[in-house]
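Structure at a glance
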Amino acid sequence: MKIAVIGAGIIGVTTAYELACDGHEVTVLERRGAAAEETSFANAGIVAPGYVTPWAAPGMPGKVIRHLFSRHAPVKLGLPLSGRELAWMWQWYRACKLDTYLSSRAHLQRLAFYSRERLHHISADLKLDYERSDGCMVLLRSEQDSQAMQPGLQLLRDAGIAFKEIDAVAARKVENALNSETDFFGAVHLPDDEVGNCRQFALMLKNEAQRMGVKFAFHTTVTQVQPATGVTLTIADDPMPRQYDAAVLCAGLDSCRLLEPLGLKIPLTAVYGYSVTATIREPLNAPRSAVVDERYKVAISRLGNRVRVAGSAELGGSLDKKNARALQTLYKVLHDWFPGAAHLSSGVQEWKGARPMLPDGPPILGASGIAGLWLNLGHGSSGWALSCGSARALADLMKGRTPDLDVTGFGIERLRR
């Protein structure tokens, strides 16, 4: 088939690659000037299937309210809140039920494990040498933090995920550079998890896809999707519509603009995340792989000769206005654990990205209900961890094959209940 993929983030690039593997004629349409320039640009890079979990969880609304009064809160509200965001918050609140949470978490972890397998397969098959390292450690500042983690650890046990609870002494042996002056209770070490440079992988895979014949059209904004015989796309500043047999929408938040005229109102909103990236000053003072500060929900990752600190979940506001307190929290956590590890006087990249999130957590993956139009969107903060599996499953569905992944729970029909 002749297929258009709308969006060239990590989801769009992996989708294009998998479709090309199946022999389709693929064109990727992207409004930005290069691949992976928005949500995929500067995320934490952690691939940890056991920690891919829905934001909608029992007790979460109360935690969010309490966080709002904390200076270094992991969750923030940006004002003003739009009507769409308020409606999303209500749907999210309704999804914070135990049965919904357990179902959504099971779906997400199933996809995350499948996606990691596919990531490893692609990387090995194509010999992609991107910045990556093995292992992830969750740092627990107090015994109270450890106790709060126990329900989550039981879920890891039930899922058969390898981890080990260790004390502070053992944690310092895993990550030798941890600040000796920062006292903490212990850690949870996940040896099978990893960290990798999402954008670097996306650019490498984009090059491989091009070698397979995939065309990438940058600075190309799709203004309208029209289902007819196949799918017709209208492009800004182009008088001639483009005709395809099918189209896959991987455009994140911009997908809503294209879907609403077709009668599809997807409850997708931005939950903004932040990161700070800087060159490593002294390798011996930097993390070996990735650590996560459980209290502040901040990740510190080693990406080649750079260190990246990422975290915060901000609902409301706008992409172009950075929250100073969110950035201050990132710097604080870096200083707490790895002081002097990075050059912070110059060349620091401060980034804010819009993570497209659905109220209940899992992405939408599959047919839209409109002939010829397919969806692969709403991965929230886990796009990197879910991308390769989502792309392969969608390609199988479009080919009429049964995916190796059970796609129950990812269809658009769940939003119509």
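For the structure, see preceding data.
Residues numbered from 1 in each chain as written. Predicted model: local features only at pLDDT ≥ 70, side-chain atom pairs only at ≥ 80, totals over all residues. Heavy atoms only, no water.

Brief notes about the pairing of strand β2 (residues 25-29)
Quick note on the threshold: Only protein chains enter the accessibility calculation, which uses a 1.4 Å probe. A residue is then buried if its area is under 20% of the maximum for its type, exposed if over 50%, and partly exposed in between. Here a strand is any run of E in DSSP of at least two residues, a helix any run of H or I of at least four, and the numbering for each starts at the N terminus. Pairing between strands is defined by DSSP: at least two bridges between the two strands are required.
Burial analysis of β2 places four of its five residues in the buried class, which makes it a mostly covered element. Bridge count for β2 against strand β8 (residues 215-217) is three bridges, and the pairing is parallel. What sits directly across from Leu 29, in β8, is Ala 217.

What about helix α5 (residues 143-159)?
Quick reminder of the rule: Expected span of a helix: the number of residues minus one, times 1.5 Å. By definition, a residue's bend is the angle between the axes fitted to the seven residues ending there and the seven starting there.
An ideal rise of 1.5 Å per residue puts 24 Å on 17 residues; α5 measures up with 24 Å between its terminal C-alpha atoms. The largest bend in α5 is about 45°, located at Gln 150, with the proline Pro 151 one to four residues further on. Backbone geometry just after α5 places Gly 160 at a positive phi near 75°.

Let's talk about the sheet that holds β8
Note the following rule: In this analysis, axes come from line fits to C-alpha atoms, helices being fitted only over the stretch in contact, and the angle between any two N-to-C directions falls in the range 0 to 180 degrees. When checking whether two residues touch, look at their non-hydrogen atoms; a contact exists if any pair is within 4.5 Å.
Reading across the sheet, the six strands line up as β8-β2-β1-β12-β19-β18 and stay open at both edges, with mixed pairing between neighbours. Only two strands of the sheet have a single neighbouring strand rather than two, namely β8 and β18 (364-367). Strand-to-strand twist across the sheet, computed as the mean angle between neighbouring axes with direction ignored, equals 20°. The strands touched by helix α1 (residues 10-21) are β1 (2-6), β2, β8, β12 (246-249) and β19 (373-377); relative to β1, the strand with the most contacts, the crossing angle is about 165°.

Side note on helix α4 (residues 98-126)
End to end, α4 covers 41 Å across 29 residues, agreeing with the expected 42 Å (1.5 Å per residue, within 8%). Phi turns positive one or two residues past the end of α4, at Lys 127, with a value near 55°.

Considering the packing of aromatic side chains
As a reminder, the rule being used: Aromatic pairs are defined between Phe, Tyr and Trp rings, using the six-membered ring for Trp, whenever the two ring centres lie within 6.5 Å; interplanar angles under 30 degrees are classed as stacked, those over 60 as edge-to-face, and all others as tilted. When the NZ atom of lysine or the CZ atom of arginine is within 6 Å of a ring's centre and also within 35 degrees of its normal, the charge is said to sit over that ring.
Applying the stated criterion to the full structure yields nine aromatic pairs. The interplanar angle of 80° and the centroid separation of 6.3 Å between the aromatic rings of Tyr 130 and Trp 384 together place this pair among those described as edge-to-face. Taken together, the positions of Tyr 130 in the loop between α4 and β5 (132-140) and Trp 384 in helix α10 (residues 383-399) put the pair 254 residues apart, joining distant regions of the chain. Taking relative accessible area as the criterion, Tyr 130 reaches 5% and is therefore assigned buried. Judged by its relative accessible area of 5%, Trp 384 falls in the buried class. Of the aromatic side chains, those joined through ring pairs into one cluster are Trp 55, Trp 88 and Trp 92. A cation sits over an aromatic face here: Lys 352 above Tyr 272, 4.5 Å from the ring centre.

Examining a nonpolar patch on the surface
Where we set the bar: Patch rule: a residue counts if its relative accessible area is over 30% and it has no salt bridge; like charges are joined within 9 Å, and nonpolar side chains (Val, Leu, Ile, Met, Phe, Trp, Tyr) within 5 Å. For every accessible area listed, the method is Shrake-Rupley and the probe measures 1.4 Å; residues are considered covered only by the protein chains on display. By definition here, a salt bridge exists when the distance from a side-chain nitrogen of Lys or Arg to a carboxyl oxygen of Asp or Glu is within 4 Å.
A contiguous nonpolar patch, built from Ile 65, Leu 68, Phe 69 and Leu 77 and spanning about 420 Å² of accessible area, is present on the exposed surface. In this structure, Leu 77 sits in strand β4 (residues 75-78). By relative accessible area, which is 34% here, Leu 77 ends up partly exposed.

Re the packing of α4 against α10
The criterion, for reference: These descriptions rest on fixed angle ranges, namely under 35 degrees for roughly parallel, over 145 for roughly antiparallel, 65 to 115 for roughly perpendicular, and the rest for oblique. In this classification, the charged set is Asp, Glu, Lys and Arg, the nonpolar set is Ala, Val, Leu, Ile, Met, Phe, Trp, Tyr, Cys and Pro, and all remaining amino acids, among them Gly, are polar.
Contact geometry of α4 with α10 gives a least axis separation of 7 Å together with a crossing angle of 85°. With respect to their mutual orientation, α4 and α10 come out roughly perpendicular. Between α4, through Leu 108, Leu 111, Ala 112, Tyr 114, Ser 115, Arg 118, Leu 119 and Ile 122, and α10, the contact on the second element is made entirely by Trp 384, Ala 385, Leu 386, Ser 387, Cys 388, Gly 389, Ser 390, Arg 392 and Asp 396. Of the residues in the contact of α4 with α10, the class split is 10 nonpolar, four polar and three charged.

Focus on the nonpolar core
How we decide: As used here, the term nonpolar core means buried Ala, Val, Leu, Ile, Met, Phe, Trp, Tyr and Cys residues forming a set that is joined through side-chain atoms within 4.5 Å.
In terms of nonpolar packing, the biggest core is built from 47 residues, with Phe 201 and Val 248 touching the most fellow members. Broken down by secondary-structure element, the contributors of at least two residues to this core are β1, α1, β2, α4, α7 (198-211), β12 and α10. Among the elements that line this core, the one with the most residues is α10, at eight residues. Counting 29 residues, the second-largest nonpolar core is a separate cluster that includes Ala 171, Tyr 274, Leu 327 and Leu 330.

These values are about where atoms sit, not about what they do.
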